[in-house]
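# Secondary and tertiary structure notes
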Amino acid sequence: ERAIQRLMVRYCHLVDDGAFDQIPQLWADDAELVLRGETTTGPAAIAAVISGLQTPERRGIHAGVNAIIDVEGDTARGGSDFVFMRREGTPDPIVKFVGRYSDQFVRTRDGWRFRRREIFFRFGS
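Analysis parameters
- Residues numbered from 1 in each chain as written.
- Predicted model: local features only at pLDDT ≥ 70, side-chain atom pairs only at ≥ 80, totals over all residues.
- Heavy atoms only, no water.
- Helix = DSSP H or I, 4+ residues; strand = E, 2+ residues; numbered from the N terminus.
- Rg over C-alpha atoms; globule rule 2.2 N^0.38 Å.
- Contact = heavy atoms within 4.5 Å.
- Pairing = 2+ DSSP bridges.
- Axes fitted to C-alpha atoms, helices over the stretch in contact; angles between N-to-C directions.
- Salt bridge = Lys/Arg side-chain N within 4 Å of Asp/Glu carboxyl O.
- Buried < 20%, exposed > 50% of the residue type's maximum accessible area, 1.4 Å probe, protein only.
- Core = buried A, V, L, I, M, F, W, Y, C linked by side-chain atoms within 4.5 Å.

### Some thoughts on the overall build of the protein chain
Along the protein chain, the regular secondary structure elements total two helices and six strands. Secondary structure elements in the protein chain, listed N-terminal to C-terminal, are α-β-β-α-β-β-β-β. Over its C-alpha atoms the protein chain spans a radius of gyration of 14 Å, differing by no more than 12% from the 14 Å that the globule rule assigns to 125 residues. The principal-axis extents of the C-alpha atoms in the protein chain amount to approximately 45 × 30 × 25 Å. Look at the contacts in the protein chain between residues 6 or more apart in sequence, and 48% of them connect residues 24 or more apart.

### What about the sheet that holds strand β3 (residues 61–72)?
Ordered by their spatial adjacency, six strands build an open sheet running β2-β1-β6-β5-β4-β3, and the pairing between neighbours is mixed. The sheet terminates laterally at β2 (38–41) and β3, the two strands that pair on one side only. Ignoring strand direction, the axes of neighbouring strands in this sheet form an average angle of 15°. Contacts from helix α1 (residues 2–17) reach β1 (27–35), β3, β4 (75–86), β5 (94–108) and β6 (111–123), with the element oriented near 60° to β6. Contacts between helix α2 (residues 43–53) and the sheet are confined to β1 and β2, with β1 contributing the most and set at about 40° to the helix.

### Examining the pattern of salt bridges
Following the criterion strictly, the structure yields eight salt bridges and no others. Across the pair lysine 96 and glutamate 88 runs a salt bridge, and its minimum N-O distance is 3.4 Å. With a relative accessible area of 36%, glutamate 88 lands in the partly exposed category. Salt bridges here are not isolated pairs; linked through shared partners, they connect Glu32, Arg116 and Glu118.

### Regarding the nonpolar core
The biggest cluster of nonpolar side chains holds 29 residues, and the ones touching the most others in it are Tyr11, Ile23, Trp27, Ile50, Phe105 and Phe114. Mapped onto this core, the elements with two or more residues apiece are α1, β1, α2, β4, β5 and β6. Residue contributions to this core peak at seven residues, all from α1. Beyond its immediate sequence surroundings of up to four residues, isoleucine 50 is in contact with Tyr11, Val15, Phe20, Ile23 and Leu33.

In structure tokens:
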């Protein structure tokens, strides 16, 4: 469970830091990212989608909270809430999005990886 929590936090840090070259390492070879009804498959394609959305002027801070993870052998399911904040013309960050991640994980020879992540927005667009 701790290794999966670390994976979830690493995702937020890499996206926020713009370290898109490291994003593929978080995903299983057949992983899926579902965002706004669109499914992207494969680590490289997922990294490309994320980097396209997180351009320098749109980058901010993801805060992941309330994680629940259920491990069953070499697979797991989980969910967590997130808040995304960024500066938009003011010195203080504003809350831009609030949502939930619905995740599936798989243990690989290199450790836990995302098998599927679906992002649901509750507030913001």
